[in-house]
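One-letter residues, chain by chain:
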Amino acid sequence: MPRFPSRESDVAALATEIINGLRNHAEDFPAPPLGVEDLQASLDAYMVTHEAAVEAQGAAAEAFDDKDEALQSLIDGMRAVLRYAEDATQYHDGKLKKLGWGARKPRSELQVPGQAGVLEVKREGPGWVYLDWKKPADGGVVAVYHVQVLRKGEEDDAWRDVATCFDTMAVLSDQDRGIELRYRVVTANRAGRGVPSNAVAVSL
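Calculation notes
- Residues numbered from 1 in each chain as written.
- Predicted model: local features only at pLDDT ≥ 70, side-chain atom pairs only at ≥ 80, totals over all residues.
- Heavy atoms only, no water.
- Helix = DSSP H or I, 4+ residues; strand = E, 2+ residues; numbered from the N terminus.
- Rg over C-alpha atoms; globule rule 2.2 N^0.38 Å.
- Buried < 20%, exposed > 50% of the residue type's maximum accessible area, 1.4 Å probe, protein only.
- Lys, Arg positive; Asp, Glu negative; His and termini not counted.
- Charge placed at Lys NZ, Arg CZ, Asp CG, Glu CD.
- Axes fitted to C-alpha atoms, helices over the stretch in contact; angles between N-to-C directions.
- Parallel < 35°, antiparallel > 145°, perpendicular 65-115°, else oblique.
- Left-handed = near helix turned anticlockwise from the far one by under 90°.
- Contact = heavy atoms within 4.5 Å.
- Nonpolar A, V, L, I, M, F, W, Y, C, P; charged D, E, K, R; others polar.
- Core = buried A, V, L, I, M, F, W, Y, C linked by side-chain atoms within 4.5 Å.
- Salt bridge = Lys/Arg side-chain N within 4 Å of Asp/Glu carboxyl O.
- Pairing = 2+ DSSP bridges.
- Patch = residues over 30% accessible without salt bridge, like charges linked within 9 Å, V, L, I, M, F, W, Y side chains within 5 Å.
- Areas by Shrake-Rupley, 256 points an atom, 1.4 Å probe, with all protein chains shown as cover.

**Student:** Talk me through the overall build of the chain; I want residue IDs and the actual numbers.
**Tutor:** Scanning the chain from N- to C-terminus turns up 3 helices and 8 strands. The order of helices and strands in the chain, counted from the N terminus, is α-α-α-β-β-β-β-β-β-β-β. Its C-alpha atoms give the chain a radius of gyration of 37 Å, more than 25% over the compact-globule value 17 Å for 204 residues. Residues classed as buried in the chain amount to 25% of the 204 residues present. Computed over 24 positive and 33 negative side-chain charges, the inter-centroid distance for the chain is 15 Å.

**Student:** Please give an account of the packing of helix α1 (residues 8-24) against helix α2 (residues 36-89) that cites residues and values.
**Tutor:** The N-to-C vectors of α1 and α2 enclose an angle of 155 degrees; their axes lie 10 Å apart at closest approach. With respect to their mutual orientation, α1 and α2 come out roughly antiparallel. Note that α1 runs across α2; the crossing there is left-handed. Between α1, through E8, A12, A15, T16, I18, I19, L22 and R23, and α2, the contact on the second element is made entirely by V36, E37, L39, Q40, L43, Y46 and H50. Here the residues of the contact of α1 with α2 are counted per class, giving 9 nonpolar, 3 polar and 3 charged.

**Student:** Which residues make up the nonpolar core, and what are the values?
**Tutor:** In terms of nonpolar packing, the biggest core is built from 18 residues, with L131, W133, V147, C165, L172, Y183 and V185 touching the most fellow members. At the level of elements, β2 (128-134), β3 (144-151), β4 (160-165), β5 (169-172), β6 (180-189) and β8 (200-203) are the ones that each hand at least two residues to this core. Contact partners of V147, with chain neighbours within four places excluded, come to L131, W133, R160, D161, V162, A163, C165, A170, L172, Y183, R184 and V185. Counting residues in hydrophobic clusters, the runner-up holds 6 residues, among them A12, A15, L22 and L43.

**Student:** Run through the environment of A199, naming residues and quoting values.
**Tutor:** Within the secondary structure, A199 sits in the loop between β7 (192-193) and β8. Under the relative-accessibility criterion, A199 is labelled partly exposed at 35%. For A199 and G58, which are 141 residues apart along the polypeptide, the C-alpha to C-alpha distance reads 68 Å. Each residue touching A199, except ones within four places of it in the same chain, is listed here: W159, R182, Y183 and R184.

**Student:** Go over the pattern of salt bridges, please, and point to the residues and values.
**Tutor:** Taken as a whole and assessed by the stated rule, the structure comprises 7 salt bridges. Measuring nitrogen to oxygen at the nearest pair gives 4.0 Å for the salt bridge that ties R160 to E154. By relative accessible area, R160 is classed as partly exposed at 37%.

**Student:** Just give me the short version of the sheet that holds strand β1 (residues 117-125), but keep the residues and values in it.
**Tutor:** Within the open sheet, the 3 strands sit side by side as β1-β2-β5. Their pairing is antiparallel. Of all strands in the sheet, those bounded by a partner on one side alone are β1 and β5. In this sheet, neighbouring strand axes are inclined to one another by 15 degrees on average, regardless of whether the strands run parallel or antiparallel. Inspection of the sheet shows β1 paired to β2 by 6 bridges, in the antiparallel sense.

**Student:** Tell me about unusual backbone geometry, and name the residues and values.
**Tutor:** Generally, phi is negative for residues other than glycine and the peptide bonds are trans, each holding for most cases. If you check the backbone angles, Y91 has positive phi at about 60 degrees while not being a glycine. One can find Y91 in the loop between α2 and α3 (93-96). Relative accessible area serves as the criterion here: at 35%, Y91 is assigned to the partly exposed category. Positive phi outside glycine occurs at V118, with the angle close to 50 degrees. Mapped onto the secondary structure, V118 falls in strand β1. Given the relative accessible area of 47%, V118 is considered partly exposed.

**Student:** Before we move on, could you go through a nonpolar patch on the surface and cite the residues and values that matter?
**Tutor:** Together, L71, L74 and M78 line one region of the surface with nonpolar side chains, adding up to about 280 Å² of accessible area. One can find M78 in helix α2. By relative accessible area, M78 is classed as partly exposed at 45%.

**Student:** I'd like a description of the side chain of D132, backed by residues and values.
**Tutor:** Relative to the elements of secondary structure, D132 occurs in strand β2. Salt bridges are absent for the buried D132, whose nearest opposite-charge side chain, K134, sits at 4.5 Å. When near neighbours in sequence (up to four residues on either side) are disregarded, D132 contacts V118, L119, E120, K122, T168 and M169.

In C-alpha cells:
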C-alpha cells in the first residue's frame, strides 16, 4: 500500500497527478468529495504561499547576515575602545568601571592539591586489589593520583609509586602475595604533590 508523502514537494507532485487523473478520467471518478477545480484552487493557493515563504526565508537569511555583520563590527569597535582604555588608564580598575569594564584579575598561582580522602579497599583477591578514594576537599586542581605501596617491615620512606590514575579508583594486579601491603594515594599537579591520604593494609 502506498504511503502518503511527507515532503512538501512530493505532496505537490501527487496533488498534480490527482488533478490530472480526475480531469482525464472523469468516467472512472464521477463524484469525488472535492471537485477538480476546488483541488486545483487549493494547490494554487499553496504554491503562492510557498513561493512567498521561500522569498521571505531568503530575505530573513539576508537580514540575519546583516545583523551578524553589524554585531561583529560593534564588537570590534568595543574591543578597540576597551584596549585603548586599559592602556590609557594603565588598567586602573576604578576608571575602567566607568565604562562598565574592569581591570584584569592577576593570574593566580597554581596551588598544590589537597589530601585525597577516605581511601578504602573495596574488593580484593589473590594478587589483586580494588582501591577507591575521594577527591580532595581543598587545594589546587588534581592532575593525577599516584597510588603508592609499602611492604610490611619496610621503612616509612620506602613508599613507592605503583600506579598513576586520573580517576578516584584503581585496580592493581600482580601484587605481592603472602605479605601485608599498605597502600596510600598522593595527589599531584604541576605545583607539586599533596599530603598522602590515609593508608590501608591488606594481605593478598
